[in-house]
Amino acid sequence: MFRRLLLMLNSCYFEPHMRRTEIAKAIGGEKIGDKLKIMGWVRTFRSNRFISVNDGSTIKNIQAVVDFENFDAELLKRITTGASVSVEGLLVESLGKGQAVELQVEKLEVLGDSDPDKFPLQPKRHSLEFLRENAHLRARTNTFSAVFRIRHAVAYAIHKYFNDEGFYYIHAPIITGSDAEGAGEMFAVTNFDLENPPKKDGEIDYSQDFFGKKTNLTVSGQLEAELAALALSKVYTFGPTFRAENSNTSRHLAEFWMIEPEVAFADILDNMDLAEGFLKYVIKHVLKHCKDDLEFLEQRKQQEEKGLPEAQRSELDLIESLNFVSENDFVRLTYTEAIDILRNSKPNKKKKFQYLIDEWGADLQSEHERFLVEKHFKKPVILYNYPKEIKAFYMRMNDDNKTVAAMDILFPGIGEIVGGSQREERLEVLKTKMAEFDIPEDEMWWYLDTRKYGTVVHSGFGLGFERLVLFITGMGNVRDVIPFPRTPKNAEF
RNA sequence: UCCUCAGUAGCUCAGUUGGUUAGAGCACCUGACUGUUAAUCAGGGUGUCCCUGGUUCGAGUCCAGGCUGAGGAGCCA
């Protein structure tokens with residue numbers, strides 16, 4: 001009632017400081033007949049009359065209609081692609097097709113000019129590579145604003161899922177003093193003068209460094225998550241992770257975000273249930289809340305695949321494939337079963353694989369994972385119980401003494417999206433494995449303590465956040481789903 | 001790091017067996033028009049052909065080395 005009254009007053013005259021209405025709210029349909037102020041960035045200015053304005057609140061633009069006869073020509077000249085504007089006027093049903101509503105402009109202000117000769121983004125299609133080089137501006141494109149809104153929705157859904165399931169969010173340290181985590185090359189953290197570090201007996205003396213020891217950026221929060229899970233039962237981490245690998249692929253970043261749930265009293269099967277339920281929940285959330293953006297990205301993908309031969313195009317459209325994954329059970333398959341399938345597969349018999357599968361124990365290559373996911377099952381696959389030799393030291397030894405309770409989830413087009421395991425909770429077995437893997441016990445005393453005092457069965461996994469966003473958005477390169485990608489030879493912006 | 005491919009106007013790209021002054025579309029500038037949807041029409045070329053060296057009468061084109069990017073592999077998430 002009170003609001004109605006305000007609205008009536010509002011439509012009679014302009015307040016001196018009218019509040020901005022987000023475009024997402026303005027085009028919802030409920031505000032027709034209201035006087036509104038819109039602020040945003042000009043996408044196009046057509047016919048000297050129609051300003052397409054976007055403020056990032058939605059992929060849709062609002063059409064602001066100016067009677068150019070009543071406005072200063074010099075002012076209208078400043079309405080260029082990329083300029084920021086404030087427009088006030090009456091929101092009405094659109095006279096033209098293509099949009100439901102439009103704003104009849106009564107007040108027009110250019111907030112920030114944009115020299116059209118120099119502004120890099122034109123009202124046309126740009127290559128993703130070009131936009132990557134202009135990452136400071138690329139969020140002003142439909143594609144990237146859609147991707148980043150979805151990235152947000154995915155992050156939010158992850159926190160919501162875990163919260164609703166009784167998990168606690170643990171902030172694992174970014175700087176780590178243990179170099180025994182065994183997940184690849186690390187970035188050193190130091191405040192030494194690199195030209196002239198202090199030395200002792202010819203060697204760099206790390207005891208004089210900031211932390212009094214050698215430290216690195218974290219490659220995984222798993223070990224810390226395990227400590228927390230063995231107190232709080234159900235925890236997860238969600239933070240930046242760093243790998244100094246010289247990886248140049250569409251699936252690797254030097255700085256990426258990883259989610260690592262860890263659950264006490266849970267075995268490998270519980271772990272698979274958690275991962276599968278979690279992935280489905282997140283995808284459903286995005287399907288429900290990001291419809292406009294998904295539809296746009298679906299069209300973008302179709303457009304992009306038009307140029308490809310039919311065999312290389314996706315069988316399902318983006319939204320279809322998300323529905324499919326969220327509504328169907330993942331295939332669960334032991335490593336041993338996978339080897340049997342692969343050994344008898346056509347590409348193996350016809351020697352089409354670059355690495356032929358002949359015996360149990362071989363590490364699976366990308367081509368094998370792809371075959372299983374994209375050709376044989378055509379759905380996400382959970383592979384588990386791998387040979388102990390090809391997996392990490394902390395994974396729990398199975399009773400066969402040959403395999404460990406590891407599991408990887410493979411997604412079509414992405415490959416490994418989740419890697420996890422039941423953890424070795426038996427102190428003596430863990431110590432033996434560490435010796436086999438040359439991991440010094442004295443650096444991991446705190447990890448071993450959890451097995452010494454009240455050890456329990458527990459499991460967890462790591463999920464590559466960008467790989468999940470990659471799958472959900474249908475983009476082709478993780479560099480295009482993170483605002484400012486860090487890759488070898490690239491840390492611009 | 002390895003393999004393959006690419007680098008020409010602001011962007012996307014064409015450029016013949018090495019041959020005169022390097023082109024197109026879009027963007028941009030000027031003008032016209034005005035209910036448009038990446039508006040339309042007319043006119044205008046804005047260039048270190050990635051860099052360095054070499055072969056040649058002559059190199060965007062051929063050769064060598066380098067830089068950058070992409071795809072794939074490895075590593076993995």
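Residues numbered from 1 in each chain as written. Chains lettered and ligands numbered in written order. Predicted model: local features only at pLDDT ≥ 70, side-chain atom pairs only at ≥ 80, totals over all residues. Heavy atoms only, no water.

Go over the environment of asparagine 328 with me, naming the residues and quoting the values.
Mapped onto the elements, asparagine 328 comes out in the loop between α9 (318-327) and β14 (331-334). For the pair formed by asparagine 328 and lysine 280, sequence separation is 48 residues and the distance between their alpha carbons is 9.1 Å. With sequence-adjacent residues up to four places away left out, asparagine 328 is seen in contact with Glu276, Lys280 and Lys379. Polar contacts involving the side chain of asparagine 328 include one to the main-chain carbonyl oxygen of phenylalanine 324, which spans 2.9 Å. (Helix = DSSP H or I, 4+ residues; strand = E, 2+ residues; numbered from the N terminus. Contact = heavy atoms within 4.5 Å. Polar contact = N/O pair within 3.5 Å; in protein donor to acceptor, adjacent residues only side chain to side chain.)

So what's going on with the sheet that holds β14? Residues and values would help.
With mixed pairing, eight strands are arranged side by side in an open sheet as β6-β12-β13-β18-β17-β16-β15-β14. Each end of this open sheet is capped by a strand with a single partner; those strands are β6 (168-169) and β14. Across four bridges, the pairing between β14 and strand β15 (residues 381-387) is parallel. In the strand pairing of β15, leucine 333 is matched with leucine 383. Helix α10 (residues 335-343) contacts β14 and β15 of the sheet and is inclined by roughly 90 degrees relative to β14. (Pairing = 2+ DSSP bridges. Axes fitted to C-alpha atoms, helices over the stretch in contact; angles between N-to-C directions.)

How would you explain the packing of aromatic side chains if you had to name every residue and give the values?
Under the defined criterion, the tally for this structure stands at 22 aromatic pairs. Ring plane angle 50 degrees and centroid distance 4.8 Å describe the contact between phenylalanine 162 and phenylalanine 167, whose orientation is recorded as tilted. When the ring of phenylalanine 210 is compared with that of phenylalanine 211, the centres are 4.9 Å apart and the planes differ by 75 degrees; the resulting orientation is edge-to-face. Residue phenylalanine 211 is classed as partly exposed on the basis of its relative accessible area of 42%. The rings of Tyr161, Phe162, Phe167, Tyr169, Tyr236, Phe278, Tyr281 and Phe461 are connected pair by pair, giving a single aromatic cluster. Taking NZ or CZ as reference, lysine 402 lies 4.7 Å from the ring centre of tryptophan 360, over its face. One residue, arginine 451, lies across the ring of tyrosine 447, its end atom 4.2 Å from the ring centre. (Phe/Tyr/Trp six-rings, centres within 6.5 Å; stacked < 30°, edge-to-face > 60°. Buried < 20%, exposed > 50% of the residue type's maximum accessible area, 1.4 Å probe, protein only. Lys NZ or Arg CZ within 6 Å of the ring centre and 35° of its normal.)

Talk me through the environment of valine 87; I want residue IDs and the actual numbers.
Topologically, valine 87 is positioned in strand β4 (residues 84-93). Sequence-distant contacts of valine 87, that is, excluding residues within four places in its chain, are made with Leu36, Lys37, Ile38, Ala64, Leu103, Val105, Lys107 and Leu108.

Would you mind going over the environment of aspartate 67 in detail, with residue names and values included?
For aspartate 67, the location among the structural elements is in the loop between β3 (62-65) and α3 (73-77). On the basis of relative accessibility, which here comes to 38%, the residue aspartate 67 falls in the partly exposed class. Separated by 37 residues in the primary sequence, aspartate 67 and glutamine 104 place their C-alpha atoms 8.3 Å from one another.

Help me get a handle on unusual backbone geometry, residues and values and all.
Not every positive phi belongs to a glycine, and serine 47 is a case in point at roughly 55 degrees. Summarising the element assignment, serine 47 is placed in the loop between β1 (35-46) and β2 (50-54). We classify serine 47 as exposed; its relative accessible area is 58%. The phi torsion at lysine 351 lies on the positive side, around 55 degrees, for a residue other than glycine. On the secondary structure map, lysine 351 appears in the loop between α11 (346-349) and α12 (366-377). Residue lysine 351 is classed as exposed on the basis of its relative accessible area of 64%.

Can you tell me about the protein's contact with RNA strand B, naming the residues and giving the values?
By nearness alone, 47 residues border RNA strand B, and Lys97, Thr249, His252, Gln365 and Arg467 come closest of all. For RNA strand B, the fraction of protein-proximal atoms (within 4 Å) that sit in sugar or phosphate groups is 48%. Here a base nitrogen of RNA strand B sits 2.9 Å away from a polar atom, N or O, in the side chain of glutamine 122. One of the side-chain nitrogen or oxygen atoms of serine 366 is found 3.0 Å away from a phosphate oxygen of RNA strand B. Where the surface near RNA strand B is concerned, the elements lending two or more residues are β1, α4 (128-133), β13 (255-264), α12, β17 (415-422) and β18 (458-464). (Near = heavy atom within 4 Å.)

Which residues make up the packing of helix α6 (residues 222-232) against helix α14 (residues 445-452), and what values do they have?
Their axes nearest at 10 Å, the elements α6 and α14 cross at an angle of 30 degrees. As the angle between them shows, α6 and α14 are arranged roughly parallel. For the pair α6 and α14, the sense of crossing is left-handed. Residue-level inspection shows Leu223, Glu226, Leu227 and Leu230 of α6 in contact with α14, the latter providing Trp446, Tyr447, Thr450 and Arg451. (Parallel < 35°, antiparallel > 145°, perpendicular 65-115°, else oblique. Left-handed = near helix turned anticlockwise from the far one by under 90°.)

I'd love a proper account of the side chain of serine 421, names of residues and values included.
In this structure, serine 421 sits in strand β17. Judged by its relative accessible area of 0%, serine 421 is buried. Among the polar contacts made by the side chain of serine 421, one reaches the side chain of arginine 423 at a distance of 2.7 Å. For serine 421, the contacting residues outside a window of four places in its chain are Ile268, Asn271, Tyr394, Met395, Ala405, Ala406, Met407, Ser459 and Gly460.

Give a detailed account of the side chain of lysine 301, specifying residues and quantitative values.
For lysine 301, the position within the fold is in helix α8 (residues 291-305). With residues near it in sequence (within four places) discarded, lysine 301 still touches Ser314 and Gly474.

Remember, this is a structural readout, not a statement about activity or role.
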